[in-house]
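Breakdown of the fold
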Amino acid sequence: MFFSSLEMAPPDAILGLTEAFKKDTNPKKVNLGVGIYKTDDNTTPILTSVRRAREKFINKETTKAYLPIDGAPEYAVEVQKLLFSPGHEIVANQRAATAHTPGGTGALRVVGDFVHRMFPRASIWLSSPTWENHPNIFKAAGLTVKSYPYYDAANKCLDFANMISALNQVPQGDVVLFHACCHNPSGMDPNEEQWRQIARAAQARKFIPFLDFAYQGFADGIDQDAAGLRQFCQPGCELFVSSSFSKNFGLYNERVGAVTVVGADRQAREKAFSQIKICIRTNYSNPPAHGAAIVTTVLQDNELRSLWEQEVAEMRGRINGMRKLFADTLKAKGVAQDFSFITNQRGMFSFSGLNKDQVQKLKEKYAIYIVGSGRINVAGITAQNIGYLCESIADVL
């Protein structure tokens, strides 16, 4: 028997937490592990803009035929407007091509496969720390994974001096992955000047920037959050972008993402994208239609677009409000340690500063589930669980 000789694979560091959480019978249990937005009543809502868009396009749907390998052309147009803004030089000169992928994770894997096939000697550089699935995705694609400094855990801030020093030593032709905003897991993003220096390093060292854009709209605003990406978008630049609409559209189970490749000119883009499509064809062949149709419908309709932007702003506001409430409540519960740094971070995630022993105690004693690194999903904090959460943390510190 073949399968009986196998060993059990270890549970996923994040999704495995959810499985354990579901089995926990403690009525006060709290899940701050998996990255899903929650409202204050602890539900993951379907956005009103999404509901209306679904009703609108379903009535017009006439076929369930396959989409092209790269998905619907109108979806690609809307994705590029979000990334670069309408009329940007990259769009005007047709230097970008976009394919619809199964989530942002699908886009990451497509780029990993492309780099391994086309540039087998290239390594990919990831921030230290980064999303726990990043290295797994790129190793599975056959790439050599390296890291550059990013977060100063002692001072709870961006380790920019060591970061830029490392980037200025990356070999030509390697790929460097950046979180476009709302860094996962630290919540710390470069400021405008720091992004400018990073983009200059990319130009000088001739490495290929790869922007993972999973949380557009969750930091400062939909257009504002593209500022880091756009620092790289100079004439003649080449880069990749991975987009996800799980968070900002709430389309988690629809798996709506995109991979965008920017070439130095239109001809370079066409060559690169032809190879991207081969990577897609030999993987999932072509994408699902439903989620992308929702996104396209919202972005093409002025009324729905306005409603969506309002809903994103509300989600962003709730997350930032929970950051402040978390820090304030810990202080009110008598915690001497300063947690105010959490209010300076952006997006759904934060490095709480809790160590592995404290995380384990929170799980065993209080049924509070946090990733071993101490990363918490701030969007999982609610007015109902904030008191219990902070009392529990105070006990294990």
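Quick summary incoming for the structure in this document.

Thresholds applied
- Residues numbered from 1 in each chain as written.
- Predicted model: local features only at pLDDT ≥ 70, side-chain atom pairs only at ≥ 80, totals over all residues.
- Heavy atoms only, no water.
- 1 Å grid on protein atoms, 1.4 Å probe; cavity = no way out; pocket = protein on both sides within 12 Å on 5 of 7 lines; lining within 4 Å.
- Points joined across faces, edges and corners; volume = space filled by probe spheres on them.
- Phe/Tyr/Trp six-rings, centres within 6.5 Å; stacked < 30°, edge-to-face > 60°.
- Helix = DSSP H or I, 4+ residues; strand = E, 2+ residues; numbered from the N terminus.
- Buried < 20%, exposed > 50% of the residue type's maximum accessible area, 1.4 Å probe, protein only.
- Lys NZ or Arg CZ within 6 Å of the ring centre and 35° of its normal.

This next bit is on empty space enclosed by the protein. In this structure the tally under the stated criterion is one cavity of 30 Å³ or more. Of the pockets and cavities examined, the largest cavity occupies roughly 40 Å³. Taken together, Ser127, Tyr148, Tyr150, Met163, Phe178, His179, His183, Pro190 and Trp195 make up the lining of the largest cavity.

This part covers the packing of aromatic side chains. Inspection of every chain in the model, using the stated rule, returns 19 aromatic pairs. An angle of 75° between the planes, with centres 6.3 Å apart, marks the rings of Phe138 and Phe210 as edge-to-face. On the criterion of sequence distance, the pair formed by Phe138 in helix H6 (residues 133-140) and Phe210 in strand E8 (residues 208-213) is long-range, its members being 72 residues apart. Neither residue differs from the other here; Phe138 and Phe210 are each classed as buried. Between Phe210 and Phe240 the ring centres are 5.7 Å apart and the planes differ by 65°, which places this aromatic pair in the edge-to-face class. Note that Phe210 is positioned in strand E8 and Phe240 in strand E9 (residues 239-244), a separation of 30 residues in sequence. Looking at Phe240, the relative accessible area reads 4%, which means it is buried. An aromatic cluster of at least three residues, connected via ring pairs, comprises Phe114, Phe119, Phe138, Phe210 and Phe240. One cation-aromatic arrangement involves Lys29 over Phe21; the distance from NZ or CZ to the ring centre is 4.6 Å.

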